[in-house]
Amino acid sequence: MENMMKKYLSLHLFSLLLILLPLLSSCDDQPQVYIIYFGEHKSGGKTIQEIEDSHHSYLLSVKSNEKDARDSLLYNYKNSINGFAALLTADEASKLSEMEEVVSAFPSKQHTWSIQTTRSWDFMGLDEKDSNSNNNYFTPRKNNALLRQANYGENVIVGMLDSGIWPESKSFDDEGMGPVPKSWKGICQTGDSFTSSDCNRKIIGARYYLKAYEASNGRLNTTAEYRSPRDHDGHGTHTSSTVAGRTVANVSAIGGFARGTASGGAPLARLAIYKVCWPVPNQPKANGNTCSEADMLAAIDDAIGDGVDVLSISIGTTDPVAYSEDGIAIGALHAIKHKIVVACSAGNSGPGPATASNLAPWMITVAASSIDRFFSAPIVLGNGNTIAGQTVTPYKLKNKQFPLVYAGDVGQAGVPKDAVAGQCLPNSLSPKKAKGKIVLCFRGNGTRVGKGLEVKRAGGKAIILANSLANGAEISVDAYVLPGTAVKADDGTRVFNYIKSTKKPTAYINTPKTVLNTKPAPYMASFSSRGPNGLELNLLKPDITAPGLNILAAWSGASSPTKLESDKRRVKYNLLSGTSMSCPHVSAAAALLKAIHPTWSSAAIRSALMTTAGLKNNAGKQLTDASGNSVTPFSYGSGHLLPTKASDPGLIYDASYTDYLIFLCSSVGSSEVKKVDPKFRCPKKTYSPSNHNYPSLAISELNGTMTVIRTVTNVGSGKSSYVSAYKAPEGFYVKISPKRLAFRHVGEKKSFTITVKQRKGKKKPKSGKYYFGWYRWTDGVHVVRSPLVVSPA
């Protein structure tokens, strides 16, 4: 019988394969968006028309006729980036890639982000209050009034790659602002519900890009999105106001939560909007947006030509992509040649290892952590026990106990009673069983706000949303469509056990309120993507962490606080969580540094931010996660952002465009470097990528001893002397030579070596494990600190 079954399955699979083969073979014939990359345009080279004609001739060489060639073209990259995007078959792309002038040809990927301020800047000490203020957790070394010193970032231009902007928000008012900087060369592109008057002296330019999106997904559905720079989603408005929103008094989230004065980190900086993210077809808006690589590369190319100073990109991918086939990385490499600082989010795929994205050394990769604010909405169970909870829903329960049920016990007929049944997925709950009750749901599949919608659909009175084990004790708050609160994982288990322990479980959810000055803070967000670096283990990523949990910022007037289609509420400010929220904090800090130090390179600014970052919370302890567990540089990089200290770092680790190419030579080899810059020739002798002059040090698979070199530039006082110190990773010896660096003037460079050696015997480190330490330089005023990560072979 068993043999007969195997024979049947074999015949069945063979028949299925015969059916599928024609379909599979035809996949390569289906055109998709490819990026054809030639490298960089020569300064003073071809005219725009000549560039377009050149790109067209390449297309014509693989297309059957003139019309097909012109119809297939999506973008000419013509400012700094030399290339084009077009609809091509795999065979056509392959033929182009074989041409001598073509550096690389790769498919345009679609990146996604999803959602997972009145307090964050104050929390980090970026205000003009006395430095002893209780509201300043990160007390500056001296009250140097960074904002005034940077003139609030007024002449700095920040480019935002995101979902657009809602120009009517008070955060983007231009009252009292000076004329647009003369360096600006961009445009204000008009479209659906967006006119030239929507640009001003704050929003000095706006463009939108959807050619690659439409080529992959079909025509944009304009009932759910604007065909213009206007933001229908809310995400782009939120990130833009976090960077450069004007100071607006007495704002709050729906229900009055987080009330205070909202401001961006660089409130007078100018905004240049590059809308590259659009709705995922046939998906609820709450599930996030998608951003096509070819569209993003076009936006970065335009941003370089437009004259931006900082690029903020809260977009990432879930899997590491080779540098030579990563549109964001290629665009960012061109940007840094023009002294543009590029900050990118690390991603929301934590807490697992090697989940970080945007891994190139020429960009700042930002993780997410909390601030000192809590939205208390505790639960009182029928047995008298109180469970801590958080929410920002504006709805309240009557002051009495209500029946309490577990979602897995009140499912629709036919819904299996397994772990998924307790997650309150759409149409999973029985109105007959859930009506009038508080329903306990668990996180997992689906969106948090969608679970609340399902409880409301089934007639539930309120929702208690419990974290999964992966989310632990960290809570991202939501404005549910009914009363509700969220609890940490172990408290969710307590509620579940109570339900199972009694015949008639009941509960009540207290009226929520905002609580400030909570401790400990910051702590690392569990969703924040972690290292080690999935592309190069000898380079530490992420670089730094910044506030990304429950951040209040401006919002689109076309979107509800939950982004659910059935939610008709509208808000001017909204709370969001994600590395999308932490990235613009770093972008704003970079804008302030750019204003103070306009000649600094992007590497110098990144170094200043990293080497001055903090490692302690407001309880004076080392950084942890929300559950109090210890965390490592794979979570926070160099530490938590301290903008005021970064303005005067003392020493910086600088790097040039050539330095980055040399890094690539040692990391990926000369053949891959040619796909990035065909004119560059790798040196005959290459060193470990650990030797790249980075503000952190990672050494992977160390076998015995390694010595690396670093070079620092004096940007502090003229005559100064710095002394080294270090904490060696467990199982290793560390030696720094020389131990002292003496500088005679600002701008002087000094090199030193760091030797790391494995211990032997009982103290020998274990193979495959990572060990952490640090080294620093100090002159008694400045502390220039770098993390050190080592793994033995």
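These numbers were taken from a predicted model, which means no experiment stands behind them.

Peer 1: Can you help me understand the UniProt feature "domain: Subtilisin-like protease fibronectin type-III" (unreviewed entry) in the chain in this one?
Peer 2: In the numbering adopted here, UniProt assigns the feature "domain: Subtilisin-like protease fibronectin type-III" (unreviewed entry) to residues 692-790. Within residues 692-790, the helical portion is 0% and the strand portion 61%, while the C-alpha atoms at the span's ends are 15 Å from each other.

Peer 1: Please explain the sheet that holds strand S15 (residues 364-369) as it appears in this structure.
Peer 2: Note: strands within a sheet are paired through backbone hydrogen bonds, in either parallel or antiparallel orientation. Pairing within the open sheet is parallel, and its seven strands lie in the order S7-S10-S6-S13-S14-S15-S25. Looking at strand neighbours, the two that pair on one side only are strand S7 (203-208) and strand S25 (544-547), the edges of this open sheet. Ignoring which end each strand starts from, the neighbouring axes of this sheet average 25 degrees apart. Direction of pairing for strand S14 (residues 341-345) relative to S15: parallel, over a ladder of three bridges.

Peer 1: Looking at this structure, how should I read the packing of helix H10 (residues 327-337) against helix H18 (residues 657-668)?
Peer 2: For any two helices packed against each other, one specifies the inter-axial angle together with the distance between the axes. The contact between H10 and H18 brings their axes to 9 Å, and the two run at 145 degrees. When H10 is examined against H18, the residues Leu333, Ile336 and Lys337 are found in contact with a partner set consisting of Tyr657, Tyr660 and Leu661. Looking at the contact of H10 with H18, its residues break down into five nonpolar, no polar and one charged.

Peer 1: I keep staring at the sheet that holds strand S30 (residues 705-714) and nothing clicks. Help me out?
Peer 2: Strand order in the open sheet made by the four strands is S28-S30-S34-S32, with antiparallel pairing throughout. The open sheet has two edge strands, strand S28 (651-652) and strand S32 (732-737), and neither has a second partner. In terms of strand pairing, S28 meets S30 through two bridges, oriented antiparallel. Bridge pairing in S30 places Leu651 opposite Asn714.

Peer 1: What's the story with the packing of aromatic side chains in this structure? I'm lost.
Peer 2: Ring pairs (aromatic) are described by centroid distance and by the angle formed between their planes. Evaluation of the coordinates by the stated rule reveals 20 aromatic pairs. Each ring, one from Trp166 and one from Tyr226, has its centre 6.5 Å from the other, and the planes form 50 degrees; the classification is tilted. In this pair, Trp166 is assigned in the loop between strand S6 (157-162) and S7 and Tyr226 in the loop between helix H7 (211-217) and helix H8 (235-244), connecting sequence segments 60 residues apart. What makes Trp166 buried here is its relative accessible area of 17%. For the pair Tyr323 and Phe663, a centre-to-centre distance of 6.4 Å together with 65 degrees between the ring planes defines the contact as edge-to-face. Of this pair, Tyr323 sits in the loop between strand S13 (310-313) and H10 while Phe663 sits in helix H18, and the two are 340 residues apart along the sequence. Both residues of the pair, Tyr323 and Phe663, count as buried. Through successive ring pairs, a cluster of aromatic residues spans Tyr323, Trp362, Tyr660 and Phe663. When the ring centre of Tyr226 is taken as reference, the NZ or CZ atom of Arg230 above it lies at 5.9 Å. The side chain of Lys337 reaches across the aromatic face of Tyr657, ending 4.2 Å from its centre.

About the criteria used
Residues numbered from 1 in each chain as written. Predicted model: local features only at pLDDT ≥ 70, side-chain atom pairs only at ≥ 80, totals over all residues. Heavy atoms only, no water. UniProt positions renumbered as here; feature names shortened; annotations may be inferred. Helix = DSSP H or I, 4+ residues; strand = E, 2+ residues; numbered from the N terminus. Pairing = 2+ DSSP bridges. Axes fitted to C-alpha atoms, helices over the stretch in contact; angles between N-to-C directions. Contact = heavy atoms within 4.5 Å. Nonpolar A, V, L, I, M, F, W, Y, C, P; charged D, E, K, R; others polar. Phe/Tyr/Trp six-rings, centres within 6.5 Å; stacked < 30°, edge-to-face > 60°. Buried < 20%, exposed > 50% of the residue type's maximum accessible area, 1.4 Å probe, protein only. Lys NZ or Arg CZ within 6 Å of the ring centre and 35° of its normal.

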